[in-house]
Amino acid sequence: MPAAFVAYAFVNVPSLLSLVSNHRVLLLTGAGCSTKSGIPDYRGVDTGRAPKQPIQHAAFLRSAFVRRRYWARSCLGWPRFAAAQPNATHLACAALEDLGRAVGVVSQNVDGLHQAAGSRSVIELHGSLSHVTCLACGQVSRRADLQEQMLQNNPGWVQLVAVSAPDGDADLPEELVERFYPPACACGGALMPNVVFFGGNVKPPVLEEAWSLFGQAELLLVVGSSLTVFSGYRFVRKAVERAMPVVIVNRGRTRGDDVAALKVDAEAGDTLTALVQGLASGAGVNASLRVRSLTRP
């Protein structure tokens, strides 16, 4: 497959429109979709700091201190994360499904914003922060309810100043972590968010669902992902094996640029909004009836 043709701003939206118009699309989305909603990413061009060392899946399971550190940071980062609203990128992804162009979304994000925007067919590769599970008894509970428990057990914690970080947590000095009382299940067991941390494996049933959705598509549209993590990059590799076109909309380089049929180096929300409007216009669709508004009230 030829190297990608890089389109800056909206110079090549007609090419993007032509590709999507003629193929059933699977959306593969990453953290870049949610930065405009106030959720930082790890590697974006506007990150403005060295990438934070993320929590490793195995370390969370074996180390009480790692769990304490995670929950101390999560307690501070959760209010901003929970208040996040879908942005133009999420709304455009939902609109692509409404228009019958997208078979669904395979998301590497854990924020639930695709569903909040109205997307119906969403596979969350890395799980969701909305719930937590006890590692001892397996009981599942809501993350929002857990926040109150942590604030009661750690008076004054919410007043601490911290820098928001990816995935609903915050950067926090280690000396403060040692003061934090982590949450526990009623049975006394340790709690873990229902997500796959770095180094963990996507659950087989989730991956099976994702491959099933992939099998319905004729084009892979990557949005807001550097494709650094293999759990997402594997879909690009499979697309190349099947001679399925890969289109990437992302600011900055990605791991898949060299195999993409088209790379649009531009802001995702603006680009996908232009794409949706072009598709709706070309199909003679009344956007007020068939396409969700691409602005929120």
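To keep things clear, this report deals only with the structure shown in the data block.

Parameters and conventions
Residues numbered from 1 in each chain as written. Predicted model: local features only at pLDDT ≥ 70, side-chain atom pairs only at ≥ 80, totals over all residues. Heavy atoms only, no water. Helix = DSSP H or I, 4+ residues; strand = E, 2+ residues; numbered from the N terminus. Buried < 20%, exposed > 50% of the residue type's maximum accessible area, 1.4 Å probe, protein only. Contact = heavy atoms within 4.5 Å. Expected span 1.5 Å × (residues − 1). Axes fitted to C-alpha atoms, helices over the stretch in contact; angles between N-to-C directions. Left-handed = near helix turned anticlockwise from the far one by under 90°. Nonpolar A, V, L, I, M, F, W, Y, C, P; charged D, E, K, R; others polar. Core = buried A, V, L, I, M, F, W, Y, C linked by side-chain atoms within 4.5 Å. Pairing = 2+ DSSP bridges. Arc of directions from axis to C-beta.

## A word on the overall build of the protein chain
Tallying secondary structure elements over the protein chain gives eleven helices and twelve strands in all. Burial analysis of the protein chain (297 residues in total) assigns 51% to the buried set. Partitioning the intrachain contacts of the protein chain with sequence separation of at least 6 by distance along the chain shows that 75% fall at a separation of at least 24.

## Topic: helix H9 (residues 230–241)
Taking 1.5 Å per residue as the helical rise, H9 with its twelve residues ought to reach 16 Å, and the 16 Å between its terminal C-alpha atoms agrees with that figure. Burial in H9 covers these residues: Ser 231, Gly 232, Tyr 233, Arg 234, Phe 235, Val 236 and Ala 239. At the C-terminal side of H9, Ala 243 shows a positive phi close to 60°.

## Looking at the packing of helix H8 (residues 204–214) against H9
Contact geometry of H8 with H9 gives a least axis separation of 12 Å together with a crossing angle of 40°. H8 and H9 meet at a crossing whose hand is right-handed. Along its contact with H8, which presents Leu 207, Ala 210, Trp 211 and Phe 214, the element H9 presents Arg 234, Phe 235, Lys 238 and Ala 239. Looking at the contact of H8 with H9, its residues break down into six nonpolar, no polar and two charged.

## Topic: the nonpolar core
Ranked by internal contacts, the top residues of the largest apolar core, which has 30 residues, are Phe 60, Trp 71 and Trp 157. Secondary structure elements with two or more residues in this core: helix H2 (57–62), helix H3 (64–83), strand E5 (127–134), helix H6 (143–153), helix H7 (174–177) and strand E9 (191–195). At eight residues, H3 tops the list of elements feeding residues into this core. Excluding residues within four positions of it along the chain, Trp 157 makes contact with Ala 72, Cys 75, Leu 76, Leu 172, Leu 176 and Phe 180. Core analysis: the next-biggest nonpolar cluster, separate from the first, contains 27 residues, Val 223, Val 249, Val 264 and Leu 275 among them.

## Re the sheet that holds E5
The three strands lie next to each other as E6-E5-E9, forming an open sheet whose pairing is antiparallel. The sheet is open, and its two borders are formed by strand E6 (140–142) and E9, each paired with just one other strand. Here the strands of the sheet are splayed against their neighbours by 40° on average, with no regard to which way each runs. In terms of strand pairing, E5 meets E6 through three bridges, oriented antiparallel. Looking across to E6, one finds that Val 132 is bridged to Ser 141.

## Quick word on H8
Looking at H8, one finds that the buried residues are Val 206, Leu 207, Ala 210, Leu 213 and Phe 214. For H8, the arc enclosing every buried residue in end-on projection is 120°, short of the 170-degree limit, so these residues lie on one face. Counted as exposed and oriented over 90 degrees from the buried face of H8: Pro 204, Pro 205 and Glu 208. Packing partners of the buried residues in H8 comprise strand E2 (25–29), strand E3 (102–107), strand E4 (122–124) and H9.

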